[in-house]
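Report on the structure
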Amino acid sequence: MAEPTYRTLEILAQLIVLATGSRITYLGEENVPERGGAVIAINHTSYVDWLPAALAMKRRRRRMRFMIKAEMQRVRVVNFLIKRTRTIPVDRGAGAGAYAVAVQRLREGELVGVYPEATISRSFELKEFKTGAARMAREAEVPIVPVIVWGAQRIWTKDHPRQLGRKKVPITVAVGTPMRAADDISATEAGLRASMTTLLRRAQQDYPHPAGAYWVPRRLGGGAPTMEEAARMEAAELAARAASRIPHQTR
């Protein structure tokens, strides 16, 4: 497929990387299958970690179909791109339709990008995983490819201002060995988590982590919240969001 819109976005992504001076290091890119469907499971620390992940797929001459919040369709430009790049909108209140589309795309030989953590990790450690990636891979009978993006949280993440412009932020993308989904979803999820944890450590190994920096995990001497602190912050955020949806009672 020619897919002119997707091709344009690929060129734009490469130009953005050049303009910002970011250096992306790719580890294990040969683990991306040359053909056939696969679930690409990516960690989630940033609003922009999809871009280096997609560029890693491009290096293998593959294109990834992301699953994206359905609310993004309200933005006219984004909705235009969703329709022309085979992106899969997900309604969090009724996700069965998006799940079925994703399984079908996998069976058609596509790569489908999934964030097992669902939302951004404020601690920059791996959060609890949702079961969607494992279930889709099992149903479509395709492998899961674990991917770690490290460094993108320095550009734009939750609770911190965007660092746009020529910041020359280094980013590492580490791709792990494809794994098959077992009938036991819990076992598959555990295996995926173990693989992504190993990849995360690998990506962090040669990456400079200044002491106290907000984007550095507490485990590495940084100022990021611990996993427990991050969980409390997320719970408070969800509670506030739920409260805002409750209509005010009038007397």
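Our structure is the block above this text.
Along each chain, the written sequence defines residue order, and numbers are assigned to residues from 1. Only residues with pLDDT of at least 70 get local features here, since the model is predicted, and only at 80 or more are side-chain atom pairs given and counted; chain-wide, interface and lining totals rely on the full set of residues. Calculated side-chain values reflect all of the structure's heavy atoms, with hydrogen atoms and water omitted.

1. Quick look at the overall build of the chain
The secondary structure listing takes helices from DSSP runs of H or I that are at least 4 residues long and strands from runs of E that are at least 2 residues long, numbered from the N terminus. A tally of regular secondary structure across the chain gives seven helices and seven strands. N-terminal to C-terminal, the α/β element order of the chain is α-β-β-α-β-α-β-α-β-α-β-β-α-α. Within these notes, the globule rule equals 2.2 Å times the number of residues to the 0.38 power, and the radius of gyration is based on C-alpha atoms. By the compact-globule yardstick of 18 Å for 251 residues, the chain fits well, its C-alpha radius of gyration being 18 Å. Taken over the C-alpha atoms alone, the chain extends approximately 55 × 55 × 40 Å along its principal axes. Residue contacts are counted whenever heavy atoms from the two residues lie within 4.5 Å of one another. Considering only contacts in the chain between residues 6 or more positions apart, those separated by 24 or more positions represent 74%. Where accessible areas are quoted, they stem from the Shrake-Rupley method and a 1.4 Å probe; at the residue level, only the protein chains shown are allowed to cover. Carbon and sulfur atoms make up 54% of the accessible area of the chain, which totals about 13500 Å².

2. Describing the sheet that holds strand 2 (residues 38-42)
Within a sheet, each strand pairs with its neighbour through backbone hydrogen bonds, oriented either parallel or antiparallel. Pairing is mixed across the open sheet formed by seven strands, whose spatial order is 1-7-6-2-5-3-4. The open sheet terminates on both sides in strands that have one partner only, identified here as strand 1 (24-27) and strand 4 (88-90). Geometrically, the sheet is characterised by an average inter-axis angle of 25° between neighbouring strands, direction not taken into account. Sheet analysis places strand 6 (residues 144-150) next to strand 7 (residues 171-175), joined by four bridges and oriented antiparallel. Bridge pairing in strand 7 places Val149 opposite Val173. DSSP-based pairing: two strands are paired if at least 2 bridges between them are found. Every angle, taken between N-to-C directions, lies between 0 and 180 degrees, and every axis is a line fitted to C-alpha atoms, over only the stretch in contact when it is a helix.

3. Quick look at the packing of helix 4 (residues 96-107) against helix 5 (residues 132-140)
Running from N to C, helix 4 and helix 5 point in directions that differ by 50°, and their axes come no closer than 9 Å. Considered as vectors, helix 4 and helix 5 are oriented oblique to each other. For helix 4 against helix 5, the interelement crossing comes out right-handed. Between helix 4 and helix 5, the residues in contact are Tyr99, Ala102, Val103, Leu106 and Arg107 and Gly132, Arg135, Met136, Glu139 and Ala140, respectively. Gly is placed with the polar residues, together with every amino acid not listed as nonpolar (Ala, Val, Leu, Ile, Met, Phe, Trp, Tyr, Cys and Pro) or charged (Asp, Glu, Lys and Arg). Residues of the contact of helix 4 with helix 5, tallied by class, amount to six nonpolar, one polar and three charged. Any angle between 65 and 115 degrees counts as roughly perpendicular, while under 35 counts as roughly parallel, over 145 as roughly antiparallel, and the rest as oblique. Take the far helix as the reference: if the near one is turned anticlockwise from it by less than a right angle, the crossing is left-handed, and if turned clockwise, right-handed.

4. Considering a nonpolar patch on the surface
The grouping of Leu9, Leu12 and Ile16 at the surface amounts to a nonpolar patch, some 230 Å² of accessible area in total. With respect to the element layout, Leu12 can be found in helix 1 (residues 4-20). Patches in this entry comprise residues that are over 30% relatively accessible and not in a salt bridge; like charges within 9 Å are linked, as are nonpolar side chains (Val, Leu, Ile, Met, Phe, Trp, Tyr) within 5 Å. Here a salt bridge means any side-chain nitrogen of Lys or Arg lying within 4 Å of a carboxyl oxygen belonging to Asp or Glu.

5. With respect to the pattern of salt bridges
Counting across every chain of the model gives 15 salt bridges. For the salt bridge of Glu10 with Arg63, the shortest nitrogen-to-oxygen distance reads 3.2 Å. Here Glu10 is found in helix 1, whereas its partner Arg63 is found in the loop between helix 2 (50-58) and strand 3 (64-69), with 53 residues between them in sequence. Assigned by exposure class, Glu10 and Arg63 land together as buried. Residues participating in the shared-partner salt-bridge network are Glu3, Arg7, Glu10, Arg63, Arg65, Arg86, Glu108 and Glu110. Type-normalised accessible area, obtained with a 1.4 Å probe on protein chains alone, sets the label of each residue: buried when under 20%, exposed when over 50%, and partly exposed for intermediate values.

6. Considerations on helix 4
Taking 1.5 Å per residue as the helical rise, helix 4 with its twelve residues ought to reach 16 Å, and the 17 Å between its terminal C-alpha atoms agrees with that figure. Listing the buried residues of helix 4 in full gives Ala98, Tyr99, Ala102, Val103, Arg105 and Leu106. Around the axis of helix 4, the buried residues are gathered within 160° of arc, so they sit on the same side. The inward-facing, buried residues of helix 4 contact strand 2, strand 3, strand 4, strand 5 (111-114) and helix 5. Backbone geometry just downstream of helix 4 places Gly109 in the positive-phi region, at approximately 100°. To estimate how far a helix should extend, the number of its residues minus one is multiplied by 1.5 Å. By arc we mean the arc of the directions from the helix axis to the C-beta atoms, nothing more.

7. Details of the environment of Ala152
Mapped onto the fold, Ala152 is located in the loop between strand 6 and strand 7. For Ala152, a relative accessible area of 0% puts it in the buried group. Residues Ala152 and Val169 lie 17 residues apart in sequence; the distance between their C-alpha atoms is 7.8 Å. The residues touching Ala152, leaving out its near neighbours within four places in the chain, are Ser46, Val48, Asp49 and Ile171.

8. Comments concerning the pairing of strand 1
Every second residue of strand 1 is oriented toward a common face, the buried set being Ile24 and Tyr26 and the non-buried set Thr25 and Leu27. Pairing geometry for strand 1 and strand 7, over four bridges, is parallel. Note that in strand 7 the partner of Tyr26 across the bridge is Val173.

9. What about unusual backbone geometry?
Not every positive phi belongs to a glycine, and Arg61 is a case in point at roughly 60°. Summarising the element assignment, Arg61 is placed in the loop between helix 2 and strand 3. Residue Arg61 is classed as exposed on the basis of its relative accessible area of 81%. Of note in the backbone geometry, Phe124 takes a positive phi value of approximately 65° without being a glycine. Mapped onto the fold, Phe124 is located in the loop between strand 5 and helix 5.

10. Considering the side chain of Ser121
Within the element layout of this structure, Ser121 appears in the loop between strand 5 and helix 5. Residue Ser121 is classed as buried on the basis of its relative accessible area, which comes to 1%.

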